Structures are given as structure tokens and as C-alpha cells.
Amino acid sequence: MSGSTEALTRTESDYWGEVRIPNHQLYGVNSVRGVENLRVSKRTIADVPEFVEAFARCKWAAALANRDLGVLTQEQSGAIVGACREIVDGQHANSFVVDLLEGSGGTSTNMNFNEVIANRAQQLLGGVPGRYDFVHPNNHVNRSQSTNDVYPAAMKMAVHELIAPLVAELSQLAQAFEAKAIEFRDVLHLGRTCLQDAQPMRLGQLFGGYAALTKRLADELQTAREKLLALPLGGTAIGTGFGSPAGYRSAVFAHLVSLTGVAFCAPDDAFDAMQNLDVFSRISSELRVCGTSLGKIASDLILLSSGPVGGLAELTLPAVQAGSSIMPGKVNPVVPMSIVQLGFALVGNDTCVAQAVQCGQLEINHFEPVVADRVFESLGLLTNGVRLFREKCVQGIRANVDVNERHVFESMAVATALVPTLGYAKISELARQSVHDGKPLIEILEETGVLGADEARRHIEESTQPAF
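Quantities reported herein were computed from a predicted structural model and do not represent experimental measurements.

**Let's talk about the side chain of Lys156**
Consideration 1: Checked against the element boundaries, Lys156 lands in helix H7 (residues 147-183).
Consideration 2: Of the side chains with opposite charge, Asp278 lies nearest to the buried Lys156, which makes no salt bridge, at 7.4 Å.
Consideration 3: Reaching out from Lys156, the side chain makes a polar contact with the backbone oxygen of Ala230 at a distance of 2.6 Å.
Consideration 4: Contact partners of Lys156, with chain neighbours within four places excluded, come to Leu228, Ala230, Leu231, Val279 and Phe280.

Here it is as C-alpha cells:
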């Protein structure tokens, strides 16, 4: 039994002793230490494929640049590139075992990549994983790099990639709101301020506002996305570039741009790029604004669909599931409620990011893992949430036209609409009579012969047209 176990494992060692690693796994002793000491969440780096791909592309570009500059042999570079290509293609994911929230400032993550790539390169060259006689994790895979420049570079690349589908989802949501704005453009609606009756408007105007907001959210995220193109690659440990050969930075960016098709570039100041993560504060704040803004829309929909008897009931949202385990027939606005809740989560994530960005010290920020974890989570929450909001709620919203119009005509909001026609003093007198008699103002107008119902409606409808 012991012999069988030996055959299935290999031994790697470090200062703290030996570890046994299953032969089918490509990670090494540094990855094991990262798991043993820093497993605090249930998410590993493998759970964010875009991050894995970005890291592998950084290592790929580095191997090509190091080959060009003569610090890696053609064989070593080719094997590293082969391993990276497999990782980008989705292979070896089960060997990326380090916790995304690890506390080593990214070193455990970087070494997880170095070891997986080195061991796979060993295999491609006919060698044995763990021996590192052909390709070494530090000497070859990590050549001309450090955790301090490659980790934030991969973060930026991954976030750049992840923002694109979110922007696309927001654009589709904006189109869905715009479609509803057109569908509801002729529906009279009671506008409210401070939850009190205010002025008549069109229901389509309400949804047009939602469309404009959502489009702006997409545009602002796209603008913020462009700030992720400057990467600290080539700065190595603190920004001096020490440890990389002359010409490395230009070479690695040339290869990275060729590999990705994205215009990644060197920063204006290498030390700034190593010291500061302010770009992630900006990205995170845009994600927070997006989440809370959509949460406001969702809250509106919850209010407008409340009832169906004891609430406003001006909208009917798609019924997607039972709302109660004890109250038969009850259907809750579960999708908008989820969006509101999502906004709460994004506020928390943004607070965490802001604190982590502030607490960087001197030449680097060693809290990059929590920034990555929270930003990745916010992007995932929003992308999924926006899609569900559109598919499960917005596209199926129906207007209860009769209820909307009844609320307009039975409210005192018609008084505001008729001020230009009848004057403030006359309308105030009739409004007081309406309150005294307990009748809608529209009835008082007709009973007193001041204004017929049809003419009053015409003036009310005219008041909903923009004056600009």
C-alpha cells in the first residue's frame, strides 16, 4: 500500500520541510504552503478564469521577451509558452489551488502560476515535475518579473476583460427600458415627489429616465475601463526594473499586445504604477454607483407594482415564483428585491476596496488580493444581476392603464396642471372645495361648470409634454 502511494505522489521540500504532492497535480511546495497557511475563503484563483488567463498571458509574453533578449533558451521559452497556451485554453485549472483572498500580497498566487507552468514545461521537455532541472519556477518562469508587477498587471487585464460583458448587459437593459418607454408613451401617470402626489406625466417618461440612466452607467464604465490599459509589467519589485535585462519592458509589451489584441502599455511613471491602486478605487466606485442606481430603479418598480389591492398596482411585474410558504397566491417582486440587495453588497465591496487601496505602504500595496476578490465579485454580481433584471423582470412589465389614469384624475395633481389655464387663485379655491366635499377635483370642475372633463383631460395631457 505504501509503495502504491509513493508511486502516486512526488516529494518537494522547502525550509519548512517536505510535502507530498499528487503526481497529477502541477503545483509545487510554495502553492501547498499558500493553501495550508492562507485558505480563508472558498474561492480559489481558478474560480476566476479571466484572472488565470491574464496571468498566463503575462508569463507567456515574458517568456517570449526573455527569449528575444537571450536570458532564456529557445527550448525553455517554447516549453513555457506551451504550458501557458494550455492554461489559456482552460487546461490545468484544478492545479490553481491558492485562495483568491490569500494574504501573502500575491506571492502565493504568483508562485502557484510559476510552479504549474514550470512543471508542465518540464513534462513538455520530457522531464519530471518537481525536479525543475529543465525549467525552474523562479529562475525561468518568473524571469524578469516579480509578484509586485505581474500580479497587478494580471488584475488590470482581468478586470478589463470582465467589464466588457457587463457593459454589454447594461446596454441591453437600457434598450429594454427604452422599449418600455415607447410602449408606455401614451399612458398618463401620476408623478410623485416625497411619495406625495405631484404632477401628471407619462409612464413612458418614467421609463425613458430609466433608459437614460442605464445607458450612462454603461458609458461611464466603458470610460473607466480604458484606465486599465497601463500595466506595471517590467517594474519588477519596486519600479526600478532591477532583475530584468535592458529592453525587457518594450519587448514584453510588444508580445502582450500581440497576444491579446489589446493596447496595453507601460505607465507614465513606473513607481506610481507599483505604489498605487487608485484605478481600482475608480472602477469599484463605478460598480457601486451602477449597483445602487439600478437598486433605485428596482425600488421604484417594487413600489409601483405594490398591491395588487392594497398598494399602487400601477405596474404588473412578471410573476416568476411563489411568494410565500404560508400565504396562498402571494407573489413577491423577487427580482427587483434581489437587485436592491445586490446594491447593498456592492456598497460593502466598494468600502473594502477603498480601505485596501488607502492602506498600501510605501513602494507597493500588499492588499491587492482583497481588492481583486471584491472587484471580481462585484463584476460577477452585476453582470448576472443585470441580465436577470432584464430577462426576468423588465422585459415583461405591463402597465395597468386604468389604474394609472384613475390615480391621475383622482389626485390633486391635476390642480398643478390647470394653473396655467385657470390661475393659481381659482384652482386653490376649487381644490379646497374638493377636499371639503371629498370629491376628485375633476368632478368639482365639471359640477361647477368651470371646465368640462374632456377639456380638463386635454389640458392635463398637454401638461405632460416637455417645455424644452
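Having put the structure on the table, let's press on.
**A closer look at the pairing of strand E3 (residues 188-193)**
Consideration 1: The pairing of E3 with strand E4 (residues 196-202) spans 6 bridges and is antiparallel. Looking across to E4, one finds that Thr193 is bridged to Gln196.
Consideration 2: The hairpin formed by E3 and E4 contains 2 residues between the paired strands, and Cys194 there has a positive phi angle of roughly 55°.

**Some details on helix H4 (residues 74-88)**
Consideration 1: For H4, which comprises 15 residues, the first-to-last C-alpha distance of 21 Å matches the rise-based estimate of 21 Å (1.5 Å per residue) to within 8%.
Consideration 2: Counting buried positions along H4 yields 11 of 15 residues, so the element is predominantly enclosed.

**Quick notes on the packing of aromatic side chains**
Consideration 1: Inspection of every chain in the model, using the stated rule, returns 12 aromatic pairs.
Consideration 2: Geometrically, the ring pair formed by Phe51 and Tyr151 is edge-to-face, given 5.4 Å between the ring centres and 70° between the ring planes. One end of the pair, Phe51, is in helix H3 (residues 49-68); the other, Tyr151, is in helix H7, with 100 residues separating them in the sequence. We note that Phe51, like Tyr151, is buried.
Consideration 3: Between Phe177 and Phe207, the ring centres sit 6.3 Å apart and the planes meet at 50°, which makes this aromatic pair tilted. Taken together, the residues span a long stretch of sequence, with Phe177 in helix H7 and Phe207 in helix H8 (residues 203-225) at a distance of 30 residues. For the pair shown, Phe177 and Phe207 are each scored as buried.
Consideration 4: Feature note: the residues Phe51, Phe55, Phe96, Phe113, Tyr151 and Phe376 constitute an aromatic cluster, connected by ring pairs.

**Focus: the packing of H8 against helix H11 (residues 278-304)**
Consideration 1: Orientation of H8 relative to H11, taken along the N-to-C sense of each, is 165°, at an axis distance of 9 Å. Considering the angle they form, H8 stands roughly antiparallel to H11. Regarding H8 and H11, the two cross each other, and that crossing is left-handed. Contact residues: H8 offers Leu206, Phe207, Tyr210, Leu213, Thr214, Leu217, Glu220, Leu221, Ala224 and Arg225, while H11 offers Ile283, Glu286, Leu287, Val289, Cys290, Ser293, Leu294, Lys296, Ile297, Asp300, Leu301 and Leu304.
Consideration 2: Classifying every residue of the contact of H8 with H11 by side-chain character gives 15 nonpolar, 2 polar and 5 charged.

**Points about the UniProt feature "domain: Fumarate lyase N-terminal" (unreviewed entry) in the chain**
Consideration 1: With numbering matched to this structure, UniProt assigns "domain: Fumarate lyase N-terminal" (unreviewed entry) to residues 17-341.
Consideration 2: As annotated, residues 17-341 has a helix share of 56% and a strand share of 6%, and its two end C-alpha atoms lie 47 Å apart.

**Structural notes on the nonpolar core**
Consideration 1: Of all hydrophobic cores here, the largest spans 112 residues; its most connected members are Phe51, Phe207, Leu294, Leu301 and Phe389.
Consideration 2: In terms of residue count, H7 provides more of this core than any other element does, 17 residues in total.
Consideration 3: Counting contributing residues per domain, this core is built from domain 1 (25-143) and domain 2 (150-242 + 268-399), each supplying no fewer than three.
Consideration 4: Setting aside chain neighbours within four positions, we find Phe389 in contact with Leu173, Phe177, Leu294, Ile297, Ala298, Leu301, Val335, Ile339 and Val394.
Consideration 5: Within the second largest apolar cluster, 18 residues are counted, among which are Val408, Ala417, Ile444 and Leu445.

What counts as what
Residues numbered from 1 in each chain as written. Predicted model: local features only at pLDDT ≥ 70, side-chain atom pairs only at ≥ 80, totals over all residues. Heavy atoms only, no water. Helix = DSSP H or I, 4+ residues; strand = E, 2+ residues; numbered from the N terminus. Buried < 20%, exposed > 50% of the residue type's maximum accessible area, 1.4 Å probe, protein only. Lys, Arg positive; Asp, Glu negative; His and termini not counted. Salt bridge = Lys/Arg side-chain N within 4 Å of Asp/Glu carboxyl O. Polar contact = N/O pair within 3.5 Å; in protein donor to acceptor, adjacent residues only side chain to side chain. Contact = heavy atoms within 4.5 Å. Pairing = 2+ DSSP bridges. Expected span 1.5 Å × (residues − 1). Phe/Tyr/Trp six-rings, centres within 6.5 Å; stacked < 30°, edge-to-face > 60°. Axes fitted to C-alpha atoms, helices over the stretch in contact; angles between N-to-C directions. Parallel < 35°, antiparallel > 145°, perpendicular 65-115°, else oblique. Left-handed = near helix turned anticlockwise from the far one by under 90°. Nonpolar A, V, L, I, M, F, W, Y, C, P; charged D, E, K, R; others polar. UniProt positions renumbered as here; feature names shortened; annotations may be inferred. Core = buried A, V, L, I, M, F, W, Y, C linked by side-chain atoms within 4.5 Å. Domains from an automatic or database assignment.

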